[in-house]
Amino acid sequence: MIAAVTSLGGIGLLAALALGAAARKFAVEVDQRESAIIDVLSGANCGACGYPGCGAYAKAVVEDGVSPSLCTPGGQGTVEAIARIMGVEAEAAVPQVAVVRCQGDNRKAKEKYRYLGLADCNAAQKLADGPKACPGGCLGLGSCERACPFGAIEMTADGLAVISREKCTGCRKCVAVCPRQVIAMAPREATVHVLCNSHDKGAAVRKYCEVGCIACQICRKTAPEAYVIEDFLARVVYEHHEQAGPGVEKCPTRCIRDFRQGYPEGSSFRAPGTDVSSDVDAGANEKVAG
Amino acid sequence: MRMKTFSGGLHPPDSKEFTATRAIEDCPLPEELVVPLSQHIGAPATACVQAGDRVRKGQVIGEAGGFVSVPVHAPTSGEVVAVEPRPHPSGRALPAVVIRADGEDAWDEPMPLLDPAAATVDELRGRIRDAGIVGMGGATFPTHVKLSPPPEKPIDTLILNGVECEPYLTADHRLMLEESERILDGIAILQKILGVERTFLGIEANKPDAIERMASLGADRSIEVVPLEVKYPQGAEKQLISAIAGREVPSGGLPMDVGVVVQNVGTCAAIADAVLRGRPLIERIATVAGAAVKQPKNLRIRIGMSLRHLVEACGGTLAEPAKIIMGGPMMGMAQLSLDVPATRGTSGLLLFTAEQVLKRPEGPCIRCARCVQACPARILPTSIAAYARLEMMDEAEALGALDCIECGCCSYSCPAALPLVQSIRHAKAAITARRRKG
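Worth saying up front: this structure is predicted, and the values here are computed from it rather than measured.

1. Notes on the overall build of chain A
Okay, so step 1: On a plain count of helices and strands, chain A comes out with eleven helices and eight strands.
Okay, so step 2: Within chain A, contacts between residues separated by at least 24 positions form 57% of all contacts whose residues are at least 6 apart in sequence.

Structure, rendered in structure tokens:
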């Protein structure tokens, strides 16, 4: 009994000493700044910075002098923290958020054919450019939802991706996976967006979508600074986004939305602290139907 | 006697009885033809006519856009009314030349006739390119490219593909019976270009009349007719080489890597027309069938005729088609409407009724391995599809996803109705896209 305890204990002690010695001998020297940066990063390993994980980004900042402003999920606070650790001036990072530029779900936009294949937008897009008649519309099969590491995207019952501005960190993974470039990045502070991605002429858009941009120029007339029309599609000039308000009410197809008034009808998310009065959406429906 | 074949594959009901005995009929000319400039794999042709121009039958209306490209010719005489994007069988709107027929159907000056015995190999190859000849089995790969193997890859065997393993299609079958001379003339030209030692013609055993006819005619022209087991996809290039020559095309390789060139019998007939009659590829034989078609037929169609016109030439429809397929039911392309033009690759047009296209609900994989047994490429469809669904493309690639020939045997054989071939196709696209990115 005693022999067994001593021998086993002895082996354990020897092994512990050997391991301890090896740990000291072969220890990898980590730059103090590197571990400090890892501590202030979001730790999501989302890849938004372009590096495979937070550790690799921290190493790149320390060793290669990569910009400290690449961690979009961390926001301005993280940028400043990294800049302090590195002793450099913090660059102003404009916090970005992803926006689904489409409201054409299965009720509001027509389909070319019934798609019965894999529930994946990229697979569907390969079949005659996707089932949705609009060449820029959301296919609604949820590839972005699955790609989002933060659970910020949800599909509505009618097949439209909706992004929670609260959960979105701006990592751009959904932008990369969408085969139709429906999702785009926009400054977080801007709340007015043109929710359409069709570059077809107005007459064509009207045929397949109730809520598409018909390039009628009305938004531009109400707020000339805040909108541009390019290739039959209106876009908010985000430098002047605070002037974009009037376009929301005047848009005849209601494809311009202000997220402060809540997300488009049919969305699963609502902006915090704003109770969407039901008459806003009811009004929108009337105008579309008319 | 046990017939030659490849490993794997399966036998769907071949449904050829509707048209196998129906002689080829000329499809009447419509008023308007829409000729797509993109009718082959490779760079699309560029239009060289504009609205208002008068064209004659056989005149070049689109010039080849590169080495892997061929010109496009006017299918009839008439006036060009537009050069604009029009709905294309691929589902997109692609540039096309719209011709209003004048009804005269007058030929342009034919290209000078060539004597295959006197002409050089380069002249013959050039003619095949200028006549716009592409693989007419449906893949539409420019033929002159296939006939230009690099010198380090000597070709000793020519295999003619008269298999027609897709259900319903009988166009090649009728061509072999009714216009065998055109095919034989084309084969002689191919033999000259490639300088091959042996020439085989593979035909599935369910066409005994075609086997007999081609064997009797081919005997004194050193063409060996090989009857093949009735099995899908017997007409796929690699499977045909394996069955006839017993050679294995390596993964990622081409038939020329094992000294073989494969050509469809319809392509041979078109080559004969181009060389001996100076005529470009403006027509082909196509089978129009399916339960929704009133009188299934084999038609001689012009490139650019709308699918609706072909159906009308067959007496119209019995019921609203629930599914329209251009090509065969296994590998053909579903169409969004009948208002798209027939192209050089249109080997068939199938209109199915709702009862014929019932979709079974998808179930779980029960590991029965029927897809593995059926796979002629000898890869593991169920595993690759599972990886593809999990977006694990490295693993899918390691299992040989790129060797998939997309024949659909796996999906067809799956008792759980899993979309196996679709998943593998998705993986293939993701892998090649990533390779391009580097």
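2. Describing the layout of surface pockets
Okay, so step 1: The computed volume of the second largest pocket comes to approximately 920 Å³.
Okay, so step 2: Taken together, 29 residues make up the lining of the second largest pocket; nearest its centre are Asn122(A), Val177(A), Glu391(B), His426(B) and Ala430(B).
Okay, so step 3: Mapped onto the lining of the second largest pocket, the elements with two or more residues apiece are helix 5 (121-126), helix 6 (143-147) and helix 7 (173-177) of chain A together with helix 10 (381-389), helix 11 (393-398) and helix 13 (420-437) of chain B.
Okay, so step 4: Here the element with the most residues in the lining of the second largest pocket is helix 13 of chain B; it accounts for six residues.
Okay, so step 5: When the residues that make up the lining of the second largest pocket are grouped by side-chain class, the tally is 14 nonpolar, five polar and ten charged.

3. With respect to the domain arrangement of chain A
Residues and elements named next belong to chain A.
Okay, so step 1: As assigned here, chain A comprises domain 1 (32-86) and domain 2 (96-289).
Okay, so step 2: Across the contact, five residues belong to domain 1 and six residues belong to domain 2.
Okay, so step 3: When the two sides are added together, the surface that domain 1 and domain 2 hide from each other amounts to roughly 450 Å², 64% of it contributed by carbon and sulfur.
Okay, so step 4: Its largest share of buried area at the contact with domain 2, domain 1 owes to Cys46, Thr72 and Pro73, together 73% of the area lost on that side.
Okay, so step 5: At the boundary of domain 1 with domain 2, the tally comes to zero salt bridges.

4. Considering the UniProt feature "binding site: [4Fe-4S] cluster 1" (unreviewed entry) in chain B
Residue and element names in this part refer to chain B.
Okay, so step 1: UniProt annotation of "binding site: [4Fe-4S] cluster 1" (unreviewed entry) refers to Cys365, Cys368, Cys371 and Cys414 when read in the numbering used here. Look at the named residues: they lie 50 residues apart in sequence, but the longest C-alpha span between them is just 10.7 Å, so in the fold they bunch up.
Okay, so step 2: Note on placement: Cys371 falls in helix 9 (residues 370-374).
Okay, so step 3: In this view, Cys371 contacts Pro381, Thr382, Cys410, Ser413 and Leu420; residues no more than four positions away in its chain are not counted.

5. Focus: the UniProt feature "binding site: [4Fe-4S] cluster 2" (unreviewed entry) in chain B
All names here are of chain B.
Okay, so step 1: Annotation from UniProt places "binding site: [4Fe-4S] cluster 2" (unreviewed entry) at Cys375, Cys404, Cys407 and Cys410. A maximum C-alpha distance of 10.4 Å among these annotated residues, which run over 36 residues, shows that they cluster at one spot.
Okay, so step 2: Within the secondary structure, Cys375 sits in the loop between helix 9 and helix 10.
Okay, so step 3: In contact with Cys375, not counting residues within four places along its chain, are Ser7, Gly8, Gly9 and Pro381.
Okay, so step 4: Topologically, Cys404 is positioned in the loop between helix 11 and helix 12 (409-413).
Okay, so step 5: The contacts of Cys404, once residues within four sequence positions are left out, are Ile379, Ile424 and Lys428.

6. Observations concerning the sheet that holds strand 3 (residues 46-47) of chain B
Residues and elements named next belong to chain B.
Okay, so step 1: Spatial ordering of the open sheet is given by 3-5-6, a layout of three strands whose pairing is antiparallel. At either margin of the open sheet sits one strand with a lone partner, and together these are strand 3 and strand 6 (72-73).
Okay, so step 2: Strand direction decides the pairing type here: strand 3 and strand 5 (residues 60-63), joined by two bridges, are antiparallel. Across the sheet, residue Thr46 finds its bridge partner in strand 5, namely Glu63.

7. Let's talk about the interface of chain A and chain B
Okay, so step 1: Each partner contributes residues to the interface: chain A has ten residues there, and chain B has twelve residues.
Okay, so step 2: Seen at the junction of chain A and chain B, the total is one salt bridge.
Okay, so step 3: Seen at the junction of chain A and chain B, the total is one residue pair in polar contact (both at pLDDT 80 or more).
Okay, so step 4: Counted by class, the side of chain A that touches chain B contains five nonpolar, one polar and four charged residues.

8. A short note on the nonpolar core
All names here are of chain B.
Okay, so step 1: Counting 44 residues, the largest nonpolar core has Ile133, Leu158, Ile183, Ile187, Leu201 and Met214 as its most contacted members.
Okay, so step 2: Residues lining this core come from more than one domain, with at least three contributed by each of domain 1 (24-104 + 280-355) and domain 2 (121-277).
Okay, so step 3: Apart from the residues lying within four places of it in its own chain, the contact partners of Leu158 are Ile187, Leu190, Gln191, Leu194, Val196, Arg198, Thr199, Phe200, Val261 and Gln263.
Okay, so step 4: Grouped together as the second largest cluster of nonpolar side chains are 22 residues, Val288, Leu307, Cys314 and Ile324 included.

9. Focus: the pairing of strand 1 (residues 96-100) of chain A
Residues and elements named next belong to chain A.
Okay, so step 1: Judged by how many residues are buried, strand 1 sits mostly within the fold: five of five residues are covered.
Okay, so step 2: A two-sided burial pattern is seen for strand 1, the buried positions comprising Gln96, Ala98 and Val100 on one face and Val97 and Val99 on the other.
Okay, so step 3: Alignment of strand 1 against strand 4 (residues 183-187), held across five bridges, turns out to be antiparallel. Note that in strand 4 the partner of Val97 across the bridge is Ala186.

Here is what the cut-offs are and how they apply
- Residues numbered from 1 in each chain as written.
- Chains lettered and ligands numbered in written order.
- Predicted model: local features only at pLDDT ≥ 70, side-chain atom pairs only at ≥ 80, totals over all residues.
- Heavy atoms only, no water.
- Helix = DSSP H or I, 4+ residues; strand = E, 2+ residues; numbered from the N terminus.
- Contact = heavy atoms within 4.5 Å.
- 1 Å grid on protein atoms, 1.4 Å probe; cavity = no way out; pocket = protein on both sides within 12 Å on 5 of 7 lines; lining within 4 Å.
- Points joined across faces, edges and corners; volume = space filled by probe spheres on them.
- Nonpolar A, V, L, I, M, F, W, Y, C, P; charged D, E, K, R; others polar.
- Domains from an automatic or database assignment.
- Buried area = accessible area lost by both parts, 1.4 Å probe.
- Salt bridge = Lys/Arg side-chain N within 4 Å of Asp/Glu carboxyl O.
- UniProt positions renumbered as here; feature names shortened; annotations may be inferred.
- Pairing = 2+ DSSP bridges.
- Polar contact = N/O pair within 3.5 Å; in protein donor to acceptor, adjacent residues only side chain to side chain.
- Core = buried A, V, L, I, M, F, W, Y, C linked by side-chain atoms within 4.5 Å.
- Buried < 20%, exposed > 50% of the residue type's maximum accessible area, 1.4 Å probe, protein only.

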